[in-house]
Amino acid sequence: MSVIRDVTIRAKKYLETQEILIFVGPRQAGKTTILHQLEKEIKDKPYFFLNLEDKEIVGLLNLSPKNIFQILPLDLKKKTFIFVDEIQYLKDPTNFLKYLYDQYQEKLKLIVSGSSSFYIDRRFKDSLVGRKKIFYVYPASLKEFFQFRGYQFDKPYSKLTLVEKDQYKKLFFEYLVYGGYPRVILASYEEKKEVLRDLVYSYIKKDIYEGGVRQEDVFYRLLKILASQIGNLVNSQDLALTLGVSKTAIDNYLYLMQKSFHLCLIRPFFKNIRKELTKMPKVYFYDLGLRNFLVNNFEPFLMRVDQGALLENYFFRLFLEEKYPDEIKFWRTTEGQEIDFIIDD
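What comes next is a walk through the structure. All values reported here derive from a predicted model rather than from experimental measurement.

### Looking at empty space enclosed by the protein
- Tallying each qualifying case throughout the model produces two cavities of 30 Å³ or more.
- In this model, the largest cavity occupies a volume close to 80 Å³.
- For the largest cavity, the full set of lining residues is Pro26, Arg27, Tyr181, Leu199, Tyr203, Ile204, Asp207, Ser260, His262 and Leu290.
- A breakdown of the residues in the lining of the largest cavity according to their chemical character gives six nonpolar, two polar and two charged.

Shown next as structure tokens:
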């Protein structure tokens, strides 16, 4: 089932601008589907779709971005839309996009996806400033989860019928346990754990490999420790001692986990910016199904001892629908008093 994602709706109004549209997010979150949804919005103009998992295409473009004209029959007399999936497979994505934008911005509209902002960050340097619009693609929100399951709750919860409220709660509790990856949502209950296993051990493994991680077992152990303490402070030094590695290694792993959209570290709120950057962050996961797999707990929500942690993580995901991660803060005193989230002022 194809659900029109909220990010697709937001992106549609930028189809006629000259900016490069870049979609980044975790693997299997639905970026390719979003490109195809936007593809259908192109009514009377030519377009092409390139998947950069094709090594022959990647080889040609790595030699020179000009080779796009050997790959596609482009007619520069007409504005053409070019969709590029998995842009991070190019050795220098920045050079490719910058060249086409600078030379043909009025003739070519580029709409691309990348598996994670880890690659976008390190390879996209700063030369695309003013040329790009970035959209973040996360696993499905609760609203999108309902749509994937064929439900449309288009009125406030208080106005739902008793039958609708029961269905809403049942689906909400499922979302808190199994999360919002589209493949997981659409799988049967018997298959959900296996799909999550595939996500963890196949797709995260790709992030590990492409991120140059040498101690794969330490990376997974760290990920599992963090999954067990969502909503808690992250002390890199303590984690380094626990896992028997350097603090630098822990910090590098945390960087990769964030840039691959496995988890997010939110910073404390301070009026002193220096303090804000040096105090310990709190950890949340972009998807609770992934988190619950890592702690090996798929008990029904109402039977769980970590209900509060799951709900707190859910609110983090809810805020992400309107805010960037660095706009979400928390506040905690040395005596332990705490405000879970601070948004804006």
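There's plenty left to go through after this.
### Overview of the packing of aromatic side chains
- Under the counting rule described, the total for this entry stands at 35 aromatic pairs.
- Between tyrosine 138 and phenylalanine 261 the ring centres are 6.1 Å apart and the planes differ by 65°, which places this aromatic pair in the edge-to-face class. One end of the pair, tyrosine 138, is in the loop between β5 (132-136) and α7 (142-148); the other, phenylalanine 261, is in the loop between α13 (247-259) and β6 (263-268), and 123 residues separate them in sequence.
- Accessibility expressed as a relative area gives 3% for phenylalanine 261, which makes it buried.
- Here the aromatic rings of tyrosine 284 and phenylalanine 316 are separated by 5.2 Å at their centres, their planes lie at 15°, and the arrangement is stacked. With tyrosine 284 in strand β7 (residues 282-285) and phenylalanine 316 in helix α16 (residues 307-320), this pair connects stretches of sequence that are 32 residues apart.
- What makes phenylalanine 316 buried here is its relative accessible area of 0%.
- The ring of tyrosine 178 carries lysine 192 above its face, with NZ or CZ at 5.9 Å from the centroid.

### Some points on the sheet that holds strand β1 (residues 20-24)
- Pairing is parallel in the open sheet, where five strands are placed in the order β2-β3-β4-β1-β5. With one partner strand each, in any of the chains shown, β2 (47-51) and β5 form the two edges of the open sheet. Looking at each pair of strands side by side, their axes are set apart by 15° on average, direction ignored.
- For β1 and strand β4 (residues 108-114), the ladder comprises four bridges, and the chain directions are parallel. Its bridge partner being in β4, isoleucine 22 is matched across the sheet by valine 112.

### Let's talk about the pattern of salt bridges
- All chains considered together, the criterion is met by 19 salt bridges.
- Among the salt bridges present, the one from lysine 12 reaches glutamate 41, with a minimum N-O distance of 3.9 Å. With a gap of 29 residues between them, lysine 12 in helix α1 (residues 6-12) and glutamate 41 in the loop between α2 (31-39) and β2 connect regions that are remote in the sequence.
- Since its relative accessible area comes to 30%, glutamate 41 is described here as partly exposed.
- Residue lysine 282 pairs with glutamate 338 through a salt bridge whose shortest N-O separation is 2.8 Å. Of the two residues, lysine 282 is situated in strand β7 and glutamate 338 in strand β9 (residues 338-343); the sequence distance between them amounts to 56 residues.
- Overall, the relative accessible area of 0% leaves lysine 282 in the buried class.
- Judged by its relative accessible area of 31%, glutamate 338 is partly exposed.
- Put simply, Lys282, Glu312, Arg332 and Glu338 are held in one network by salt bridges that share partners.

### Considering the sheet that holds β7
- If you walk across this open sheet you meet the four strands as β7-β6-β8-β9, and the pairing is mixed. For this open sheet the edge positions go to β7 and β9, each flanked by a neighbour on one side alone. Each adjacent strand pair in this sheet contributes to an overall mean axis angle of 35°, direction not counted.
- Note: strand β8 (residues 328-332) against β9, four bridges, orientation antiparallel. Bridging across to β9, arginine 332 finds its partner in glutamate 338.
- Across the sheet, α16 touches β6, β7, β8 and β9, and the angle it forms with β7 is around 80°.

### Section: the packing of helix α8 (residues 162-178) against α16
- As a packed pair, α8 and α16 sit with axes 10 Å apart at the nearest point and diverge in direction by 90°. Overall, the two elements α8 and α16 adopt an arrangement that is roughly perpendicular. Here Phe172, Tyr175 and Leu176 of α8 come into contact with α16, specifically with Leu310, Leu311, Tyr314 and Arg317.
- Classifying every residue of the contact of α8 with α16 gives six nonpolar, no polar and one charged.

Reading the values: the criteria
Residues numbered from 1 in each chain as written. Predicted model: local features only at pLDDT ≥ 70, side-chain atom pairs only at ≥ 80, totals over all residues. Heavy atoms only, no water. 1 Å grid on protein atoms, 1.4 Å probe; cavity = no way out; pocket = protein on both sides within 12 Å on 5 of 7 lines; lining within 4 Å. Points joined across faces, edges and corners; volume = space filled by probe spheres on them. Nonpolar A, V, L, I, M, F, W, Y, C, P; charged D, E, K, R; others polar. Phe/Tyr/Trp six-rings, centres within 6.5 Å; stacked < 30°, edge-to-face > 60°. Helix = DSSP H or I, 4+ residues; strand = E, 2+ residues; numbered from the N terminus. Buried < 20%, exposed > 50% of the residue type's maximum accessible area, 1.4 Å probe, protein only. Lys NZ or Arg CZ within 6 Å of the ring centre and 35° of its normal. Pairing = 2+ DSSP bridges. Axes fitted to C-alpha atoms, helices over the stretch in contact; angles between N-to-C directions. Salt bridge = Lys/Arg side-chain N within 4 Å of Asp/Glu carboxyl O. Contact = heavy atoms within 4.5 Å. Parallel < 35°, antiparallel > 145°, perpendicular 65-115°, else oblique.

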